[in-house]
Amino acid sequence: MSKLLEMARNYEREAAGKTGDQKRPVFHFSNSVGWMNDPNGFSEYKGEHHLFFQYYPYATQWNSMHWGHARSRDFIRWEYLPAALAPDCAYDNFGVFSGSAIEDGDRQVLIYTGVEEKILENGEKSIRQNQCIAIGDGIDYQKLEQNPVVSADMLPEGSSREDFRDPKMWKEDGRYYMVAGSRSGDGSGQIALFYADTLGEWRFAGILDRSENKCGKMWECPDFYPLADKQILMISPQEMEAEGLEFHSGNNTAFLIGSYEKREFRFKRENIQSVDYGLDFYAPQTMLTADGRRVMIGWMQSWDNPIYPDGQPWSGMMTIPRELSLRNGRVCQRPVRELDAYRKNKVSYQDVCMEKEISLDGIEGRCMDLELRLKGGSCGKDRIRLASDGRLYSEIVYDREEQVLTFDRTHSGLKKDTISTRSMKAESINGVLDLRILLDRYSVEIFVNGGERVMTSLIYTPYTAAQISFAGSKKTYLDVTKYEVYA
Ligand code: FRU
């Protein structure tokens, strides 16, 4: 084991005793210590789910990237494992960036972006991003001697040599495939496809899709998978300009929905949909479970507006893992069914009039799975206040006329001038809007109409603010079911 990896493992082992569990999210994954961003290597290995992540153990800010590691049997309870990779080779000295993992016979294969920084003879700094492989047993990994196995020189002419990253690998009919993000000659994103018969020898197959400066600049963290009768190319574009309520400015995430001609390596995009409409969601990745579910997890944070309290020894959280499905041409998401086993103490009310602001006995708390049906007409606004103590609160507002749902954390106790509201389309069906809200210590995930649209945001309101209230018009009625969630 390299000195750097040993140091990281020793550090996290010592830190683990000190950070404790006390103020952690209850049913969302958070890193044990230091900084965490993208999920990496989300996959099955020997009957368990593995989650790796972009990681800097020594501070709660982004720095020289390692891979952290955890595993779970049910996506809810996670066991921390020792750091898997450190930036300990010349070709990854600047960081082991995002990538993926597969189970390959007995072994677990990781593929990641090695970032190399060099000072050239003329004194200039050179950065190169190339794809590298490490093979292991679920705990320890050996980097391949042939690394890097895919270099940016294999991309079409004009492609960037600096921005080429985040390989997502799969194996099909005995062959390895991977997609990776890159920048084409026009400076904007493209997704390259490669294949290999052995892990050390890869070939460029083609470009699956490109931004052409219409859908942001660099495309990060691609994933490519079939879903029902469609093929999904999932991307995280940088530097987008806002587009209606579909995309906000800056870093976004998108499902490119289309069809795939495998033999010609040709992807045809038919539609584009935002993955998540909230304030804090990026770099999602999927895995296929043994029982055939496509499950996605994302990083719950924003690069442009990161919020986490000073002094907290860890700074990253992941979303609840979500099962994907296709309905009426849209990719829908629902929390993994494993969460159901952690729901306790059901409290339920039917047909409650929302004319006056109301609170309901037992509908309160900070860790819950809340199912709501808002039944009303075509005008007025429905409001749900949660994580409230009267002074501090976060609010979900449904505008019936506009058919728009807004999340607003302006009064959640933020002490910085951070973006605090985001809105998305939310269509009621015959006046009925279905919401499922997962509320954990620091996060609010809102699933609308069976996960047709999802909104993920962070709040850092003191844990004692636990009231919930509802308000609408005299024509609005509410069905509500609340479960506490313990994990
Ligand atoms: C996305 C990203 C990836 C990169 C990683 C570095 O959030 O920028 O493209 O591999 O983070 O930590």
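Basis of the calculations
Residues numbered from 1 in each chain as written. Predicted model: local features only at pLDDT ≥ 70, side-chain atom pairs only at ≥ 80, totals over all residues. Heavy atoms only, no water. Near = heavy atom within 4 Å. Polar contact = N/O pair within 3.5 Å; in protein donor to acceptor, adjacent residues only side chain to side chain. Areas by Shrake-Rupley, 256 points an atom, 1.4 Å probe, with all protein chains shown as cover. Helix = DSSP H or I, 4+ residues; strand = E, 2+ residues; numbered from the N terminus. Nonpolar A, V, L, I, M, F, W, Y, C, P; charged D, E, K, R; others polar. Pairing = 2+ DSSP bridges. Axes fitted to C-alpha atoms, helices over the stretch in contact; angles between N-to-C directions. Buried < 20%, exposed > 50% of the residue type's maximum accessible area, 1.4 Å probe, protein only. Contact = heavy atoms within 4.5 Å. Salt bridge = Lys/Arg side-chain N within 4 Å of Asp/Glu carboxyl O.

Student: Which residues make up the site of the ligand, and what are the values?
Tutor: With respect to spatial proximity, the complete set of residues near the ligand consists of N37, D38, Q54, W62, M65, F97, S98, R165, D166, E220, Y282 and W303. A distance of 3.1 Å is found between an oxygen atom of the ligand and a backbone nitrogen or oxygen belonging to S98. Between the ligand and D166, the relevant distance is 2.6 Å, taken from an oxygen atom to a side-chain nitrogen or oxygen of the residue. In isolation the ligand exposes 320 Å². Once the protein is present, 95% of that is buried. Secondary-structure elements contributing two or more residues to the shell around the ligand are β1 (35-45), β5 (95-104) and β9 (164-172). Residues belonging to the shell around the ligand are distributed by class as follows: 5 nonpolar, 3 polar and 4 charged.

Student: Which residues make up the sheet that holds strand β16 (residues 266-274), and what are the values?
Tutor: Spatially, the 4 strands line up as an open sheet ordered β13-β14-β15-β16, and their pairing is antiparallel. Two strands bound the open sheet, and with one partner strand each, they are β13 (219-227) and β16. When the angles between neighbouring strand axes are averaged without regard to direction, this sheet yields 25°. The pairing of strand β15 (residues 254-261) with β16 spans 8 bridges and is classified as antiparallel. Pairing of I257 across the sheet is with N271, part of β16.

Student: A description of the pairing of strand β27 (residues 432-440) should follow, citing residues and the corresponding values.
Tutor: Within β27, 8 of the 9 residues are buried, leaving the element largely enclosed by the surrounding structure. As judged from the 8 bridges shared by strand β22 (residues 368-375) and β27, these two strands associate in the antiparallel manner. What sits directly across from L374, in β27, is L433. Taken together, the 6 bridges between β27 and strand β28 (residues 443-448) define a ladder with antiparallel strand orientation. Counterpart to L435 in the pairing with β28 is V448.

Student: Before we move on, could you go through the environment of L81 and cite the residues and values that matter?
Tutor: Within the fold, L81 resides in strand β4 (residues 79-85). Sequence separation of L81 and G68 is 13 residues, and the distance between their C-alpha atoms is 7.7 Å. Excluding its chain neighbours within four sequence positions, the residues that come into contact with L81 are E12, H50, H69, A70, R71, G138 and I139.

Student: Break down the pairing of strand β11 (residues 189-198) for me, with residues and values.
Tutor: Within β11, 8 of the 10 residues are buried, leaving the element largely enclosed by the surrounding structure. Where strand β10 (residues 175-183) and β11 come together, 8 bridges link them in antiparallel fashion. Bridging from a neighbouring strand, S182 pairs with Q190 of β11. In sequence, β10 turns back onto β11 through a hairpin of 5 residues, with G187 there showing a positive phi of about 85°.

Student: Outline the pattern of salt bridges, supporting the account with residue identities and numerical values.
Tutor: The full count for this structure, using the stated rule, is 39 salt bridges. Among the salt bridges present, the one from D104 reaches R107, with a minimum N-O distance of 3.0 Å. With a shortest N-O distance of 2.6 Å, R165 and E220 are connected by a salt bridge. Taken together, the residues span a long stretch of sequence, with R165 in strand β9 and E220 in strand β13 at a distance of 55 residues. The exposure class of R165 is buried, given its relative accessible area of 7%.

Student: Mind laying out the sheet that holds strand β3 (residues 66-72), listing which residues take part and the relevant values?
Tutor: Strand order in the open sheet formed by 4 strands is β1-β2-β3-β4, and the pairing between neighbours is antiparallel. With partners counted over all chains shown, the strands left at the sheet margins are β1 and β4, one partner each. Across this sheet, the average inter-strand angle for adjacent strands is 25°, counted without regard to direction. Taken together, the 4 bridges between β3 and β4 define a ladder with antiparallel strand orientation. Paired with R71 across the bridge in β4 is E79.

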